[in-house]
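Structural description and commentary
Residues per chain, in single letters:
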Amino acid sequence: MPLAKPFVLGNWKMNGLRADGEALALALVERQQGAVRKGTLGICPPATLLAPIHDLLAGSGILLGGQDCAPAPAGAFTGDISAPMLADVGCRLVIVGHSERRHGHGEDDRLVRAKAAAGHAAGLLVVLCVGETEAERDAGAAIDVLGRQLEGSLPDGASADNLVVAYEPVWAIGTGRTASVEEVAAVHAHLRARLGVLADGGEALRLLYGGSVKPANAGEIMAIPDVDGVLVGGASLDAGQFDAIYSAGQGAADPVSSRR
Ligand code: PEP
């Protein structure tokens with residue numbers, strides 16, 4: 001799937017009953033109508049809202065995604081949702097390896113890799129999250145940890161058309177603390193170089209930053225050449241804030257498009 005900068009993806013997490021979820025989706029569709037903006041906008045509502053929101057997004061250009069998927073396509077896995085199920089309900093992408101799955105549900109790189117492969121088998125764009133904890137950063141181990149996560153969870157056949165990497169420092173998610181521009185720039189430059197080695201054409205993969213992105217800091221983050229967009233949690237639950245984040249990325253240059 002060709003993705004243009006800025007790629008702004010909202011992760012609603014476990015938020016939204018039918019009435020407020022649909023109202024939020026409709027508010028985003030209204031803001032898209034008549035607005036000529038570059039880039040790619042997507043949302044990942046909870047699984048219970050995917051079907052009704054898919055219908056509301058029709059013709060808006062907003063991509064629909066799942067927040068996670070099972071490694072198996074079907075079977076006796078109570079409570080799980082498979083990648084083919086997400087595709088069947090109209091999803092175009094799936095997040096895997098979010099820190100709330102890695103740390104809250106004990107998911108390791110092997111499982112994340114299997115989930116990413118399942119997403120690809122179902123024809124979904126995979127948004128693969130990596131990120132170090134505060135203790136790992138304080139110990140000077142961030143780059144090592146990120147390298148291990150990337151190598152361990154990157155599926156075979158990853159390319160700029162089927163995979164996006166999201167750098168989400170665990171200490172910045174939902175905390176109001178954002179990594180500095182210098183920290184994000186250094187990590188993203190490193191990730192792009194590693195991806196160039198690990199995947200065919202890997203330097204053209206889209207890289208997102210995530211962690212307490214708000215309208216006030218989105219512009220400077222997306223101005224970093226190796227940042228192609230942002231993964232947004234809390235602020236994606238407010239149509240005005242989410243839309244303002246998308247607008248804040250409009251002026252950013254897109255060096256990656258010339259690499260593709
Ligand atoms: C996230 O959950 O991916 C995230 C970045 O959350 P927040 O924006 O709330 O920090």
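See the structure printed just above.
What comes next is a walk through the structure. Everything quoted here is computed from the prediction, not taken from an experiment.

1. Remarks on the pattern of salt bridges
- Taken as a whole and assessed by the stated rule, the structure comprises 17 salt bridges.
- Ionic pairing is found between Asp 226 and Arg 192, a salt bridge with its closest N-O pair at 2.6 Å. Taken together, the positions of Asp 226 in the loop between helix 9 (215-222) and strand 8 (229-232) and Arg 192 in helix 8 (residues 181-198) put the pair 34 residues apart, joining distant regions of the chain. Each of the two residues, Asp 226 as well as Arg 192, counts as buried.
- Residue Arg 206 is joined to Asp 228 by a salt bridge in which the shortest nitrogen-to-oxygen separation is 3.3 Å.

2. What to know about unusual backbone geometry
- For the bond from Lys 5 to Pro 6, the omega torsion is 0°, close enough to zero to count as cis.
- Within the element layout of this structure, Pro 6 appears in the segment before strand 1 (7-11).
- For Lys 13, which is not glycine, the phi dihedral falls at a positive 55°.
- Take Lys 13: it is sitting in the loop between strand 1 and helix 1 (18-32).
- Here the phi dihedral of Ser 212 falls at roughly 55°; this positive angle occurs in a residue that is not glycine.

3. Side note on the layout of surface pockets
- In this structure, the largest pocket encloses a volume near 630 Å³.
- Forming the walls of the largest pocket are 25 residues, and the residues nearest its centre are Lys 13, Ala 47, Gln 67, Asp 68 and Arg 101.
- Of the residues belonging to the lining of the largest pocket, the class tally is ten nonpolar, nine polar and six charged.
- Roughly 150 Å³ of volume is contained in the second largest pocket.
- Contributing to the lining of the second largest pocket are 17 residues, with Ile 173, Gly 174, Ser 212, Gly 233 and Gly 234 lying nearest its centre.
- For the lining of the second largest pocket, a count of residues per class yields five nonpolar, nine polar and three charged.

4. Notes on the nonpolar core
- With 61 residues, the main nonpolar core has Val 8, Val 165, Tyr 209 and Ile 245 as its most contacted residues.
- At five residues, the largest contribution of residues to this core is made by helix 1.
- Setting aside residues no more than four positions away along its own chain, Val 165 makes contact with Leu 128, Val 130, Leu 150, Leu 191, Leu 195, Leu 205, Arg 206, Leu 207 and Leu 208.
- With 14 residues, the next largest nonpolar core counts Leu 9, Leu 93, Leu 125 and Leu 208 among its residues.

5. Describing empty space enclosed by the protein
- All chains considered together, the criterion is met by one cavity of 30 Å³ or more.
- Split into classes, the residues belonging to the lining of the largest cavity amount to two nonpolar, four polar and two charged.

6. Remarks on the site of the ligand
- Around the ligand, the structure places 14 residues, and the nearest of them are Lys 13, Glu 168, Gly 174, Ser 212 and Gly 234.
- The contact in question runs from an oxygen atom of the ligand to an N or O atom on the side chain of Glu 168, over 2.7 Å.
- A distance of 2.6 Å separates an oxygen atom of the ligand from a polar atom in the backbone of Gly 174.
- Look at the ligand: alone it shows 290 Å² of surface, and the protein chains cover 97% of it.
- Here the ligand occupies the second largest pocket.
- In the shell around the ligand, the residues fall into four nonpolar, eight polar and two charged.

Rules used throughout
Residues numbered from 1 in each chain as written. Predicted model: local features only at pLDDT ≥ 70, side-chain atom pairs only at ≥ 80, totals over all residues. Heavy atoms only, no water. Salt bridge = Lys/Arg side-chain N within 4 Å of Asp/Glu carboxyl O. Helix = DSSP H or I, 4+ residues; strand = E, 2+ residues; numbered from the N terminus. Buried < 20%, exposed > 50% of the residue type's maximum accessible area, 1.4 Å probe, protein only. 1 Å grid on protein atoms, 1.4 Å probe; cavity = no way out; pocket = protein on both sides within 12 Å on 5 of 7 lines; lining within 4 Å. Points joined across faces, edges and corners; volume = space filled by probe spheres on them. Nonpolar A, V, L, I, M, F, W, Y, C, P; charged D, E, K, R; others polar. Core = buried A, V, L, I, M, F, W, Y, C linked by side-chain atoms within 4.5 Å. Contact = heavy atoms within 4.5 Å. Near = heavy atom within 4 Å. Polar contact = N/O pair within 3.5 Å; in protein donor to acceptor, adjacent residues only side chain to side chain. Areas by Shrake-Rupley, 256 points an atom, 1.4 Å probe, with all protein chains shown as cover. Sits in = over half its atoms within 2 Å of the grid points.

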